[in-house]
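Take a look at the letters that make up each chain.
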Amino acid sequence: MPLIQIPVPDLGDISDAAVIEILVKPGQTIAAEQSLITLESDKASMEVPSPQAGVVSAITVKLGDRVSQGQIILSLEAAGEGAAAPAAPPVNAPTETDCDVLVLGGGPGGYSAAFRAADLGLKVILVERYAELGGVCLNVGCIPSKALLHVAAVMDEVKHFDALGVSFGAPKVDLDKLRTHKSSVTGKLTGGLAFMAKARKVQVVRGYGSLTGPHQIQVELTSGTSQDKTGETRSLRFKRAIIAAGSQAVHLPFLPDDPRVVDSTGALGLPSVTQRMLVVGGGIIGLEMGTVYSTLGARIDVVEMGDMLMLGADRDLVQVWQKHNAHRFDRLMLGTRTVSAQATPAGIVVNFDSTKAGEAAPASQTYDLVLQAVGRTPNGRKIGADQVGLNVNERGFIPVDRQMRTNVPSLFAIGDIVGQPMLAHKAVHEGHVAAEVVAGELLGDESLARAAFDARVIPSVAYTDPEIAWVGLTEDQAKAQGVAVKKGLFPWAASGRALANGRSEGFTKLLFDVETHRIVGGGIVGPNAGDLIGEVALAIEMGADEVDIGKTIHPHPTLGESIGLAAEAAHGSCTDLPPVRKR
């Protein structure tokens, strides 16, 4: 038998990894795809399979060694035609398919669905048009924006230290280095995803996918660092497909096609030093990017058709943010619409109109940069839905049931494309459900086949400064729905940790059903509110009441203890606030 050498395969973004387990020994007969060793890096652990069957001749690595791509793991006496046959296909598997499940879209929902399906033993193909997995969130959304927001938060915080006796010089911003930092953050995460896809044997196909049948998709292949089409196509057949094709930013038709008019992706590119910026839309994305550009030196105007910013959050939460950020904005134009814009050498001239009868429109203004952040639209009409009779509603969403099933039995859908809220953490959980249902069907596992998306609540976070986070019913919603609630509010002005941090402007608010005493909602405004809201979501899921939460011992002094103290305030037993007046 010929002697071959087995090297460490491509590890993606990982330069080296530690050998933490050796799974074979010299003289052992092994099958193709049998695991040889286990590697671990700071991102993940993975088993390295044998590319073919044979007998282990010698092992050239030992426990604790650090190895990289191309380094020899062992020598193998390759087996001939009598080698063990590959594993049988899944139960009732059609013979003319490329995979058990195809996932269309490599964002958080898509890769989570693909990885979960692979972990359950299915053969998976993941179709993604970008060069890196992670979708909008990791590449041009959630993660790069948080990298920039962190820089902005540090720059803002040190401005106040002079009053504390510690002085710093004025910051000097190097946009090239800042862009490099942002890219390095995303690169670490996307590289880790590539590593985990390889570890799970998930095949990634780059391109735009369009359904051509209930079990078939045509992929227009892409290449390069962006999403440039090569002109080649590839047809793939599957037993089930999970559609995770996401959404895209809404582009206003009356804004000029000019590099000074950007969406959130363009704004994250930090195209230039900006003096005057207009944010069109008073939602979370626009205000987050406005925070970054303001800290970098821009003066900001915001125009919003509605009568409040961050629609969805309670007004009292938003008012704290608005007061704290008044210095950032020249004008907050509520109840105002943008009606037209012209590109001129001096900038983008924008014209406004009032939505309120009888009120004068704000005067036209000229801006260096205009960010259009008026929402996102689902990609339901861009995947060939009409070719297979897949239902897509008038807004572009694909209706699904609790198991993420569409009206086509072989097709499931998750994430932005199935409806609001368009949040990565919702998509991830939906992806797990879809993968489990598919695995249950194909493998005959009744327990998996019963999986369903049954989350009671989904938290929302604005990563502004201060952060705003809420989950469950808001006060406005409770009032509109006629739900009687009891409120427990703990102001951070009474929090030792908030005072020590010099950030006592926030508060924590919990809402409890008057009859059952169970928590039904909560909101937090203040630094790191997004890190705290998970406890409130868990309390709602578990049906906790004010006593359950208040008697849970929280560490002191922390911002997190404000949740327990807010529950005590609702119960009437909080000793960190003045006594409640007896009526």
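Below or above, wherever it landed, is the structure these notes cover. Since this is a predicted model, take the numbers as computed values, not measurements.

Along the protein, the regular secondary structure elements total 15 helices and 29 strands. Relative to the compact-globule value of 25 Å for 583 residues, the protein shows a C-alpha radius of gyration of 27 Å, a close match. Relative to its full complement of 583 residues, the protein shows a buried share of 48%. If you take every contact in the protein between residues at least 6 apart in sequence, the share linking residues at least 24 apart comes to 62%. Within the structure as shown, the protein displays about 27,500 Å² of accessible surface, and the carbon and sulfur contribution to it stands at 52%.

Another point: the side chain of Thr-508. Examined against the element boundaries, Thr-508 turns out to sit in strand β28 (residues 507–513). A polar contact is formed between the side chain of Thr-508 and the side chain of Ser-562, at a distance of 2.7 Å. Excluding anything up to four places from it in sequence, Thr-508 contacts Gly-488, Leu-489, Phe-490, Trp-492, Gly-523, Ile-524, Ser-562, Ile-563 and Ala-566.

Attention shifts here to helix α4 (residues 175–199). Given a rise of 1.5 Å per residue, 25 residues ought to cover 36 Å, and the 36 Å separating the end C-alpha atoms of α4 matches this to within 8%. Remark: Lys-201 follows α4 within two positions and exhibits a positive phi of approximately 60 degrees.

Following the criterion strictly, the structure yields one cavity of 30 Å³ or more and no others. Within this model, the largest cavity holds a volume of roughly 40 Å³. The wall of the largest cavity is formed by Asp-314, Leu-317, Trp-470, Leu-473, Thr-474, Lys-509, Leu-511, Gly-522 and Gly-523. For the lining of the largest cavity, the secondary-structure elements that each account for two or more residues are β28 and β29 (519–526). Of the residues assigned to the lining of the largest cavity, the class counts are four nonpolar, three polar and two charged.

This next bit is on the sheet that holds strand β26 (residues 467–472). Strand order in this open sheet of five strands is β25-β26-β29-β28-β27, and the pairing throughout is antiparallel. Each edge of the sheet is formed by a strand with only one pairing partner; in this case those strands are β25 (460–462) and β27 (485–491). For this sheet, the mean angle separating the axes of adjacent strands, direction not counted, is 10 degrees. Of the pairings in the sheet, the one linking β26 to β29 comprises six bridges and is antiparallel in character. Looking at the pairing, Ile-468 lines up with Val-525 of β29.

Moving on to the sheet that holds strand β6 (residues 54–59). In space, the four strands of this open sheet follow the order β1-β8-β6-β3, with antiparallel pairing throughout. Each edge of the sheet is formed by a strand with only one pairing partner; in this case those strands are β1 (3–7) and β3 (29–30). For β1 and strand β8 (residues 72–78), the ladder comprises five bridges, and the chain directions are antiparallel. Bridge assignment links Ile-4 to a residue of β8, and that residue is Leu-76.

With 58 residues, the main nonpolar core has Leu-102, Val-124, Ile-242, Ile-243, Ile-383 and Leu-390 as its most contacted residues. The greatest single-element share of this core, amounting to seven residues, is contributed by helix α9 (residues 424–443). Setting aside anything within four residues of it in sequence, one finds Ile-243 in contact with Leu-104, Leu-211, Ile-383, Leu-390, Ile-398, Phe-412, Ala-413, Ile-414 and Ile-417. Formed by 34 residues, the second largest nonpolar core is a distinct cluster that contains Leu-369, Leu-371, Ile-468 and Phe-507.

Before going further, it helps to spend a moment on the packing of helix α3 (residues 142–158) against helix α6 (residues 284–295). Helix-helix packing is described using two parameters, namely the angle between the two axes and the distance between the axes. Viewed as axis vectors pointing N to C, α3 and α6 meet at an angle of 45 degrees, and their least axial separation amounts to 9 Å. The orientation of α3 relative to α6 falls into the category oblique. Of the two possible hands of crossing, α3 and α6 adopt the one that is left-handed. Where α3 abuts α6, its residues Ser-145, Lys-146, Leu-148, Leu-149, Ala-152, Met-155 and Asp-156 lie against Glu-288, Met-289, Thr-291, Val-292 and Thr-295. In terms of residue class, the contact of α3 with α6 is made up of six nonpolar, three polar and three charged.

Turning next to the layout of surface pockets. One number sums up the size of the second largest pocket: a volume of about 920 Å³. Lining the second largest pocket are 30 residues; nearest its centre among them are Ala-153, Glu-157, Asp-465, Arg-503 and Pro-527.

Attention now moves to unusual backbone geometry. The residue after Gln-420, namely Pro-421, is reached through a cis peptide bond having omega -5 degrees. Structurally, the position occupied by Pro-421 is in the loop between β24 (411–413) and α9. The linkage connecting His-556 with the following residue, Pro-557, adopts the cis geometry, with an omega of -5 degrees. Backbone geometry places Met-404, a non-glycine residue, at a positive phi of 70 degrees. Along the chain, Met-404 turns up in the loop between α8 (385–388) and β24.

What follows concerns the pairing of strand β9 (residues 99–104). Summarising burial for β9: six of the six residues are buried, a large majority. Across five bridges, β9 lies against strand β13 (residues 228–243) in parallel orientation. Note on β13: the bridge partner recorded for Val-101 is Arg-240. Sheet analysis places β9 next to strand β10 (residues 124–128), joined by four bridges and oriented parallel. Pairing of Val-101 across the sheet is with Val-124, part of β10.

Within the fold, Ser-35 resides in strand β4 (residues 35–40). Owing to a relative accessible area of 19%, Ser-35 belongs among the buried residues under this scheme.

Strand residues, when the strand is regular, have side chains that alternate between the two faces of the sheet. With eight bridges joining them, strand β19 (residues 336–344) and strand β20 (residues 347–354) adopt antiparallel strand pairing. Across the sheet, Arg-337 pairs through a bridge with Asp-353, a residue of β20. Two successive antiparallel strands, β19 and β20, enclose a turn made up of two residues.

This next bit is on the environment of His-517. Structurally, His-517 can be placed in the loop between β28 and β29. Overall, the relative accessible area of 34% leaves His-517 in the partly exposed class. Residues His-517 and Glu-546 lie 29 residues apart in sequence; the distance between their C-alpha atoms is 6.7 Å. In this structure, His-517 is in contact with Lys-486, Phe-512, Ala-544, Asp-545 and Glu-546, ignoring residues within four places of it in sequence.

Thresholds, definitions, all that
Residues numbered from 1 in each chain as written. Predicted model: local features only at pLDDT ≥ 70, side-chain atom pairs only at ≥ 80, totals over all residues. Heavy atoms only, no water. Helix = DSSP H or I, 4+ residues; strand = E, 2+ residues; numbered from the N terminus. Rg over C-alpha atoms; globule rule 2.2 N^0.38 Å. Buried < 20%, exposed > 50% of the residue type's maximum accessible area, 1.4 Å probe, protein only. Contact = heavy atoms within 4.5 Å. Areas by Shrake-Rupley, 256 points an atom, 1.4 Å probe, with all protein chains shown as cover. Polar contact = N/O pair within 3.5 Å; in protein donor to acceptor, adjacent residues only side chain to side chain. Expected span 1.5 Å × (residues − 1). 1 Å grid on protein atoms, 1.4 Å probe; cavity = no way out; pocket = protein on both sides within 12 Å on 5 of 7 lines; lining within 4 Å. Points joined across faces, edges and corners; volume = space filled by probe spheres on them. Nonpolar A, V, L, I, M, F, W, Y, C, P; charged D, E, K, R; others polar. Pairing = 2+ DSSP bridges. Axes fitted to C-alpha atoms, helices over the stretch in contact; angles between N-to-C directions. Core = buried A, V, L, I, M, F, W, Y, C linked by side-chain atoms within 4.5 Å. Parallel < 35°, antiparallel > 145°, perpendicular 65-115°, else oblique. Left-handed = near helix turned anticlockwise from the far one by under 90°.

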